[in-house]
Amino acid sequence: METDIYSKKHLIFGCGNILFGNDGFGPEVVSYLTASYAIPGDVLALDAGTGIRDYIFDLLLMENKPETVIIIDAVTMPGKEQGELFEIDLPSVPREKMADFSLHQSPSSNLLAQLVEQGVNVRVLGMHTASIPNTIEPGLSPEAKKAVPKAAEWIIRELKDLQQHHLMNA
């Protein structure tokens, strides 16, 4: 299944560590999505765990890139409510999350920005969490659990919009 990243047009990566509370949001969304929806054949939904950087780096080196990469992750963003979903503009990725997507934790080496420069449509859906525990605490907060189906619905809408756009440009 992981080798499908080399052949699918649209990739969905759920990021995070399921052992650290709401940090497991991304993997939980992927699990819900694949259990609740029929995923089109040109789409791969993958629990990337804490290995998203390796996947993105592989994508950068591929000759035939996917059209779209959607990343789902839990982030701490000032001014947001616990469990609130929002799309993250790449330049606005919080500093503490930059390490997930960067080789050297600096904007100049941001792998996601490099993917965009190579023509890939990169979308990041964040779910605000007040904090990520420093100790093992599996399981999402009630607010994060409520956000899981909403995030899956957002992904399905995005995939439908991509298909519509593709049909109109064919």
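Scroll up a little and you will see the structure.
A brief report on the enclosed structure follows.

About the cut-offs
Every chain is numbered on its own, with residues counted from 1 as its sequence reads. Per-residue local features of the predicted model are confined to residues with pLDDT of at least 70, and side-chain atom pairs are confined, for both listing and counting, to 80 or more; whole-chain, interface and lining totals are unaffected and use all residues. Each side-chain value is worked out from all heavy atoms of the structure, with water and hydrogens disregarded. Residues are called lining when one of their atoms sits within 4 Å of a cavity or pocket point, these points coming from a 1 Å grid over the protein atoms alone, where a cavity is a set in which a 1.4 Å probe fits but cannot get out and a pocket is an open set with protein on both sides within 12 Å along at least five of seven lines. Grid points are joined across faces, edges and corners, and a volume is the space filled by probe spheres set on the points. Secondary structure elements are defined from DSSP: runs of H or I of at least 4 residues count as helices, runs of E of at least 2 residues count as strands, and each element is numbered from the N terminus. All residues other than Ala, Val, Leu, Ile, Met, Phe, Trp, Tyr, Cys, Pro, Asp, Glu, Lys and Arg, Gly among them, are scored as polar; the first ten of these are nonpolar and the last four charged. As used here, the term nonpolar core means buried Ala, Val, Leu, Ile, Met, Phe, Trp, Tyr and Cys residues forming a set that is joined through side-chain atoms within 4.5 Å. Type-normalised accessible area, obtained with a 1.4 Å probe on protein chains alone, sets the label of each residue: buried when under 20%, exposed when over 50%, and partly exposed for intermediate values. Here a strand pair is declared whenever DSSP counts at least two bridges between the two strands. Two residues form a contact once any of their heavy atoms are found within 4.5 Å. For a helix, the expected span equals 1.5 Å multiplied by the number of residues minus one. Aromatic rings from Phe, Tyr and Trp, with only the six-membered ring used for Trp, were paired whenever their centres fell within 6.5 Å, and each pair was classed as stacked if the ring planes differed by under 30 degrees, edge-to-face if by over 60, and tilted otherwise. Distance and angle both matter: a charge sits over a ring if NZ of Lys or CZ of Arg is within 6 Å of the ring centre and within 35 degrees of the ring normal.

### A few points about empty space enclosed by the protein
Within the structure shown, the criterion is met by one cavity of 30 Å³ or more. Of the pockets and cavities examined, the largest cavity occupies roughly 30 Å³. Considering every element that reaches the lining of the largest cavity, the biggest residue donor is helix 5 (residues 142-168), with three residues. For the lining of the largest cavity, the residue count by class is four nonpolar, two polar and one charged.

### Some details on the nonpolar core
As a rule of thumb, soluble globular proteins bury nonpolar side chains together. Ranked by size, the top nonpolar core spans 26 residues in total, and within it F13, I56, L59, V69 and I71 carry the most contacts. Looking at this core, the elements with two or more residues in it are strand 1 (10-15), strand 2 (43-49), helix 2 (52-61), strand 3 (68-75), strand 4 (85-88), helix 4 (111-117) and strand 5 (121-128). The biggest single contributor to this core is helix 2, with five residues. Core analysis: the second largest hydrophobic core is formed by 23 residues, A45, I70, A147 and W154 among them.

### Comments concerning the pairing of strand 5
Counted residue by residue, strand 5 has seven buried out of eight residues, so it is predominantly covered. Note: strand 3 against strand 5, eight bridges, orientation parallel. What sits directly across from V75, in strand 5, is H128. Strand direction decides the pairing type here: strand 4 and strand 5, joined by four bridges, are antiparallel. Each residue of the ladder has a partner; that of L85, found in strand 5, is M127.

### A look at the environment of T50
Looking at the element boundaries, T50 is found in the loop between strand 2 and helix 2. Taking the C-alpha atoms as reference points, T50 and I18, separated by 32 residues in sequence, lie 9.4 Å from one another. Apart from residues no more than four positions distant in its own chain, T50 is found in contact with G16 and N17.

### Points about helix 1 (residues 25-36)
Relative to the 16 Å expected for 12 residues at 1.5 Å per residue, helix 1 spans 16 Å between its end C-alpha atoms, a close match to the ideal helical length. F25, G26, P27, V29, V30 and L33 are the residues of helix 1 that are buried.

### Examining the packing of aromatic side chains
What the rule picks out here adds up to one aromatic pair. Judged by centre distance (5.4 Å) and plane angle (25°), the rings of F13 and Y55 are stacked. Highlighted residues: F13 in strand 1 and Y55 in helix 2, separated in sequence by 42 residues. Judged by its relative accessible area of 11%, Y55 falls in the buried class. Geometry around F86 places K80 over its ring, the cationic atom sitting 4.8 Å from the centre.

Any link to function would need more than the numbers given here.
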